[in-house]
Amino acid sequence: MRAALALTLCIAACTSTGDAGLDVLRATAKTVVRPVVQQRLPGPQAEAVTICVLDNAEKSEIISLAKDVGTRAGSTTVQTVATILQRPNTMQCVLRAGIPGLTL
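Just so we're clear, the structure is a prediction, and the values are computed from it rather than from any experiment. (Residues numbered from 1 in each chain as written. Predicted model: local features only at pLDDT ≥ 70, side-chain atom pairs only at ≥ 80, totals over all residues. Heavy atoms only, no water.)

1. Some points on the state of the cysteines
Tallied over the full model, the rule gives 1 disulfide. Between the sulfur atoms of Cys52 and its disulfide mate Cys93 the distance is 2.0 Å. Given an S-S torsion of about -75°, the disulfide between Cys52 and Cys93 has left-handed geometry. With a gap of 41 residues between them, Cys52 in helix H3 (residues 43-55) and Cys93 in helix H6 (residues 88-96) connect regions that are remote in the sequence. Note on accessibility: Cys52 and Cys93 belong to one class, buried. (Disulfide = S-S within 2.5 Å. Helix = DSSP H or I, 4+ residues; strand = E, 2+ residues; numbered from the N terminus. Buried < 20%, exposed > 50% of the residue type's maximum accessible area, 1.4 Å probe, protein only.)

2. Here we look at the environment of Thr31
Residue position: Thr31 is located in helix H2 (residues 20-38). Judged by its relative accessible area of 41%, Thr31 is partly exposed. Between the C-alpha atoms of Thr31 and Leu65, which are 34 residues apart in sequence, the distance is 9.2 Å.

3. Looking at H6
Within H6 the residues assigned to the buried category are Thr90, Cys93 and Val94. Angular distribution of buried residues about the axis of H6 spans 100°; they occupy a single face of the element. In H6, the exposed positions that point more than 90 degrees away from the buried face belong to Pro88, Leu95 and Arg96. Among the structural elements, H3 and helix H5 (75-85) are those in contact with the buried residues of H6. Within two residues after H6, Gly98 carries a phi angle of roughly 80°, on the positive side. (Arc of directions from axis to C-beta. Contact = heavy atoms within 4.5 Å.)

4. Notes on the side chain of Glu61
Inspection of the secondary structure puts Glu61 in helix H4 (residues 59-66). By relative accessible area, Glu61 is classed as buried at 12%. Residue contacts for Glu61: discarding those within four places in its chain leaves Thr80, Ile84 and Arg87.

5. Focus on the pattern of salt bridges
Throughout the structure, instances matching the rule amount to 5 salt bridges. Note that Arg26 is salt-bridged to Asp55, the shortest N-O span being 2.8 Å. You can see Arg26 sitting in helix H2 and its partner Asp55 sitting in helix H3, a full 29 residues away along the chain. Accessibility expressed as a relative area gives 49% for Asp55, which makes it partly exposed. In this structure, the salt-bridge partner of Glu47 is Lys30, at a minimum N-O distance of 2.6 Å. Remark: Lys30 occurs in helix H2 and Glu47 occurs in helix H3; sequence separation between them is 17 residues. (Salt bridge = Lys/Arg side-chain N within 4 Å of Asp/Glu carboxyl O.)

Here you go:
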């Protein structure tokens, strides 16, 4: 119940003109994306790829990912992360982090 209320407030804040709401949503989405990435990569590498994914996600994708907080990532979440990973800017970010050939 608290998580749902917090998420509702975060989404409402994200639609405002400030960046604070988006920062909260990104932090929430990070807790959803990291376990998906950790299925393929260990600790520090997973963290680097998670940041690449979030840096290249659209606002609507961040909102969608944040909605999955507190639940196990389903096929839609995994597909969203995979889609973001396939973008050229995300792939370049992953390569700059020294992680070649990552796929989900």
